[in-house]
Amino acid sequence: MGKRFTRQHPGPVALIALMVTALLGVGLAPAASGEAESRRVGTDSGAVTGAASDRGTTTAPAAAGIPRLTDARGRTLTLRGWNVEDKIHRGPDALSAITERHFADLRAHGFNFARLLVFWDDLEPRRGRYSEAYLRKIGRILDWAREHGVHVVIDAHQDVFGPAFGHRGIPAWATRTDGLPFTPHPDDWFAEYFEPAVQRAFTHLYEDADLQRAQARMWRLLADRFGRHPAVFGYDLINEPMGELRAGEDLVSAARRIEATQLTPMYRRLAAAIRTRDRSNHLFIEPTPIVGEGIPTGLGRIPDERVVYAPHFYNTAMEAGADYDPAAGWITAYENAVTAYPREHSVPVVVGEWGPLNSGLPNMRRFHDDALASFTRYSSGWAAYVWCYGGGYCALDRDGRFRTNKERTATPYAPAVAGTVRADTHDPADDTYRLAYRSTRRPGTTVLSLPPSTTGWRIEVSGRTAHPSARSVPPGQARQVRVWASDGAEVEVMVRPGSGRRG
């Protein structure tokens, strides 16, 4: 759900959890499958198929019917990384908090993916007048990403609609409220989504023809300018979309109606606009944040071959400051809900945001391990929130060290697999990674990404025709190791902690 600012939650956000719990209790269960419990990439990029238990220690096939991302060579891809943002600066100083260090450090920790937040209000501060300076800054950031081998999804971000309500996103000139009231909630900013003026502004964005055209023009401009940039992997069409509740309508019904009747047509319009400029990159579409409470989306099909379903992974109680409760079943409910849409429409999944505000609580180590195991079961990757240097949601402290439990995100994985994945698991108990796949008939290159480790890594490869580029990685270095195989060989790769000796 919305995040990014320290907040204290009574108010509507707490009510969301109560409402959803009540609805689930009377039979509105996630309509999942009943299982209970792709384009050009830079040099090397990723793939995964799933672990079974919540701790990621056993093997199971990927969620049935959910495809994986693939590259132009047919390799199965996995994206793992973080959101990169500057929500503080705007105008001439916009994006100034993002530096090359962000991408150098992402790569140095083994990550290959960034979700870059951009704001329509900075891009088009006056109607029809686009900021060339802002476009140049986006281009410079993409150049840094390319230099360090990081794939980027450009995210059209909004929080509480935009600057008309004290936040970022949709320009003030595109904000129409019909004179309805807005009361700020400084201690609970997500509650501002339920203010009448904000809700009406979403309705106008979705339904007013001139605003539809303006939003499409904005996306055509971005696709035309950056669609051929080698770092760009795709476009996230709008962050955490919300909408207007009708009189007597509960939140769950409203979310599904908004998704079906307003978001689906918007995504189709924006997809068509982007495709006039860019036929290759992926289109990331999000449901409303209610999916975080285990409610399947009401989104319809978006007729495009490169659609990626990109839900966010936030729990109301944890956003309010509570510790993770492994017995509550939230991850299972979320997983059942979030896999329904990609299974029905045969699209891959990349989780666009996730991560707790307070990662130092007693159960947060378990939370990170359980979350990562869940993602591996059904997704082609994720972008955690947020790659910055400081407190709050930041991944790193001011000295560039992982904050408590955030290091759990830096595990071995396979950015690209040249074959059909049979198993892909990481056991956090002993930090052992296993990949099993049937290689392609033609010689193909599988890529392993190994993060820095105090012990280094040992790589064991078995299978006819299979051989790795290295058998070990020394301590303290992130490395990519390649595995070559062909002729349909059954290949197994084991990555284990090394002896701890350098050299």
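Structural data are supplied above this passage.
What counts and what doesn't
Residues numbered from 1 in each chain as written. Predicted model: local features only at pLDDT ≥ 70, side-chain atom pairs only at ≥ 80, totals over all residues. Heavy atoms only, no water. Helix = DSSP H or I, 4+ residues; strand = E, 2+ residues; numbered from the N terminus. Buried < 20%, exposed > 50% of the residue type's maximum accessible area, 1.4 Å probe, protein only. Pairing = 2+ DSSP bridges. Salt bridge = Lys/Arg side-chain N within 4 Å of Asp/Glu carboxyl O. Axes fitted to C-alpha atoms, helices over the stretch in contact; angles between N-to-C directions. Parallel < 35°, antiparallel > 145°, perpendicular 65-115°, else oblique. Left-handed = near helix turned anticlockwise from the far one by under 90°. Contact = heavy atoms within 4.5 Å. Nonpolar A, V, L, I, M, F, W, Y, C, P; charged D, E, K, R; others polar.

## Observations concerning the overall build of the chain
Phase 1: The helix and strand tally for the chain stands at eleven helices and 19 strands.
Phase 2: The burial tally for the chain puts 61% of its 503 residues in the buried class.

## As for the sheet that holds strand β15 (residues 457-462)
Phase 1: Strand order in the open sheet formed by five strands is β12-β13-β19-β15-β17, with antiparallel pairing between adjacent strands. Edge positions in the sheet fall to β12 (419-427) and β17 (472-473), since each of these pairs with one other strand and no more.

## A closer look at the pattern of salt bridges
Phase 1: Enumeration according to the criterion identifies 28 salt bridges in this entry.
Phase 2: Where arginine 75 meets aspartate 71, a salt bridge forms, and the shortest distance between an N and an O atom there is 2.8 Å.
Phase 3: Where arginine 422 meets glutamate 490, a salt bridge forms, and the shortest distance between an N and an O atom there is 2.9 Å. You can see arginine 422 sitting in strand β12 and its partner glutamate 490 sitting in strand β19 (residues 490-497), a full 68 residues away along the chain.
Phase 4: It is possible to trace a salt-bridge network through shared partners that takes in Arg115, Asp155, Asp236, Glu286 and Glu353.

## Some thoughts on the sheet that holds strand β11 (residues 413-417)
Strands in a sheet are paired, the pairing made by backbone hydrogen bonds, and the direction either parallel or antiparallel.
Phase 1: Sheet architecture is open: five strands sit in the order β1-β11-β14-β18-β16, paired in antiparallel fashion. In this open sheet, the two strands that pair with only one neighbour each are β1 (76-77) and β16 (467-468).
Phase 2: As defined by bridge partners, β1 adjoins β11 across two bridges and the pair is classed as antiparallel. Looking at the pairing, leucine 77 lines up with alanine 416 of β11.

## A short note on the pairing of β11
Phase 1: Counting buried positions over the five residues of β11 gives five, a clear majority of the element.
Phase 2: Strand direction decides the pairing type here: β11 and strand β14 (residues 444-450), joined by two bridges, are antiparallel. Bridging from a neighbouring strand, tyrosine 413 pairs with serine 449 of β14.

## Description of the packing of helix α6 (residues 209-226) against helix α7 (residues 251-275)
Phase 1: The N-to-C vectors of α6 and α7 enclose an angle of 40°; their axes lie 8 Å apart at closest approach. Between α6 and α7, the interaxial angle falls into the category oblique. Relative to α7, α6 is oriented so that their crossing is right-handed. Facing Gln212, Gln215, Ala216, Trp219, Arg220 and Ala223 of α6, the residues of α7 in contact are Met266, Arg269, Leu270, Ala273 and Ile274.
Phase 2: The residue inventory of the contact of α6 with α7, partitioned by class, reads seven nonpolar, two polar and two charged.

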